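Residue-level structure breakdown
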Amino acid sequence: MAAPLALVQHHGGVVRGSQLAPFGCTRKDLSVAVRRGELIRLRPGVFAAPRCPDAVQAAALHGGALTCAGALRLHGVWVLHDDEVPHVWLGEASRTHAHHGCRCTEHYRAGTMKLGSAPLEHALVHAYACHGDEFFFAAFESAWSKRLIGSAARQRIRGFLPAGARWLVDFARSDADSGLESIVRLRLHILGISVETQVTIAGVGRVDFVVEKRLILEIDGRANHAGAERRHHDLARDAAASRLGFETLRFDYALIIHQWDTVAAAVLTAIGRARA
Ligand SMILES: [Zn+2]
Ligand SMILES: [Zn+2]
C-alpha cells in the first residue's frame, strides 16, 4: 500500500476514509497517520493533507467541494474577483455539517460531487450562476487559452448554461491574453463594436485589438506594465503606430473595472473620428 498521505494527495488533498479502502488503507492506517501529524482529521471519516488549501478544507468540513472563484483559481484560471467566503458544491442530496467559523455559500447543483476542488467544468458552470456573464466569460476564455478545456468540455459547459447564456461560449476565443482583454472584448461587443484580436502590425508589433483598421486598443494588465523601460517601449510603439495612421488608446485595470463609462466614451468617439 502507498503511504496514506500519498493516497490523500493523489485524491486531491482531501478524502473520505472510505475512498481509500480499495487501496488497502484501513481506518487504523489513517489513525496512525493522523497521530504522526501526516494527515489532518477534518471530521469523522474525512482526512486532509496538511498542505491542502484552507478553502478546500473548509468546503470539506462543510460537506462538499470548493467551487466558483476559489476552485477556478486552484485550476490556474483567471478570475475577475475572489469569493469572500468558500463557495461549496454539495451535489444534489448531500447533508451539510456545522463547523467552526462557517460562512460558506452553499450550491446545490446536479452532478457527482467529490470532496476537494470541484472539476473545472463544474466550477465554470457554477460561477456563471453565481457571478454572471462577465465573470464566466473571462474565466472561460482563460481556461481555454491555457488549454485546460478541450472542445468536448466546452460543448458540455455550453449545454449546462441557461439557453440565454450559450452565446458566450460561441463568442469565446482561444487567444485571449488576459482576463481584462476578455472583459473589454465582451463589453465592446455588447456596444456593437467588433474588434480584431492579437493583430500584428508591421513596424509596431502585436497589438491587443484593432477596430475599424484605424484604432488600436491596448489593455494593460495589473502588474506587467510597470517601469520606465516598459513605458518607453509603449510610447515608441504608439509613435510607430501613429506614423502608420493608427490612433492608440490604452486602458488599465482601474479604468476598465472602475471607470468603464470613460473607456466606452473614448472608444466610441475615436471610432467616430476614424470614420470621419
Ligand atoms: Zn461551512
Ligand atoms: Zn458560487
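First, a word on scope: everything that follows refers to the structure included in this document. The structure displayed is predicted, hence computed values, not measured ones.

1. Some points on empty space enclosed by the protein
Within this structure, the stated rule accounts for one cavity of 30 Å³ or more. Empty space within the largest cavity amounts to approximately 40 Å³. Lining the largest cavity, in full, are E141, R173, D175, A176, E181, S182, R185, T197, Q198 and F209. At three residues, the largest contribution of residues to the lining of the largest cavity is made by helix α9 (residues 179-190). Here the lining of the largest cavity is built from residues that sort into two nonpolar, three polar and five charged.

2. Structural notes on the coordination of the zinc ion (ligand 1)
The protein atoms donating to the zinc ion (ligand 1) are H62 (ND1), H99 (NE2), C102 (SG) and C104 (SG), with metal-donor distances spanning 2.0 to 2.3 Å. One way to put it: the four donor atoms around the zinc ion (ligand 1) meet at angles of 99 to 117°, and that makes the site tetrahedral. Take H99: its relative accessible area is 16%, and that puts it in the buried class. For C102, a relative accessible area of 33% puts it in the partly exposed group.

3. Points about the packing of aromatic side chains
Tallying each qualifying case throughout the model produces five aromatic pairs. When the ring of F137 is compared with that of F171, the centres are 5.7 Å apart and the planes differ by 25°; the resulting orientation is stacked. Placement of F137 in helix α6 (residues 120-145) and of F171 in helix α8 (residues 167-171) is noted, with a sequence separation of 34 residues between them. Between the aromatic rings of F140 and W144, the centroid separation amounts to 6.3 Å while the plane-to-plane angle is 75°, which identifies the pairing as edge-to-face. Of the two residues, F140 and W144 both sit in helix α6, four residues apart, roughly one turn of that helix. Taking the relative accessible area as the measure of exposure, F140 reaches 0% and is therefore buried.

Definitions and limits used
Residues numbered from 1 in each chain as written. Chains lettered and ligands numbered in written order. Predicted model: local features only at pLDDT ≥ 70, side-chain atom pairs only at ≥ 80, totals over all residues. Heavy atoms only, no water. 1 Å grid on protein atoms, 1.4 Å probe; cavity = no way out; pocket = protein on both sides within 12 Å on 5 of 7 lines; lining within 4 Å. Points joined across faces, edges and corners; volume = space filled by probe spheres on them. Helix = DSSP H or I, 4+ residues; strand = E, 2+ residues; numbered from the N terminus. Nonpolar A, V, L, I, M, F, W, Y, C, P; charged D, E, K, R; others polar. Donors = N, O, S within 2.8 Å, 3.2 Å for Na, K, Ca; no water. Tetrahedral: all angles 85-135°; square planar, octahedral: opposite > 155°, others 65-115°. Buried < 20%, exposed > 50% of the residue type's maximum accessible area, 1.4 Å probe, protein only. Phe/Tyr/Trp six-rings, centres within 6.5 Å; stacked < 30°, edge-to-face > 60°.

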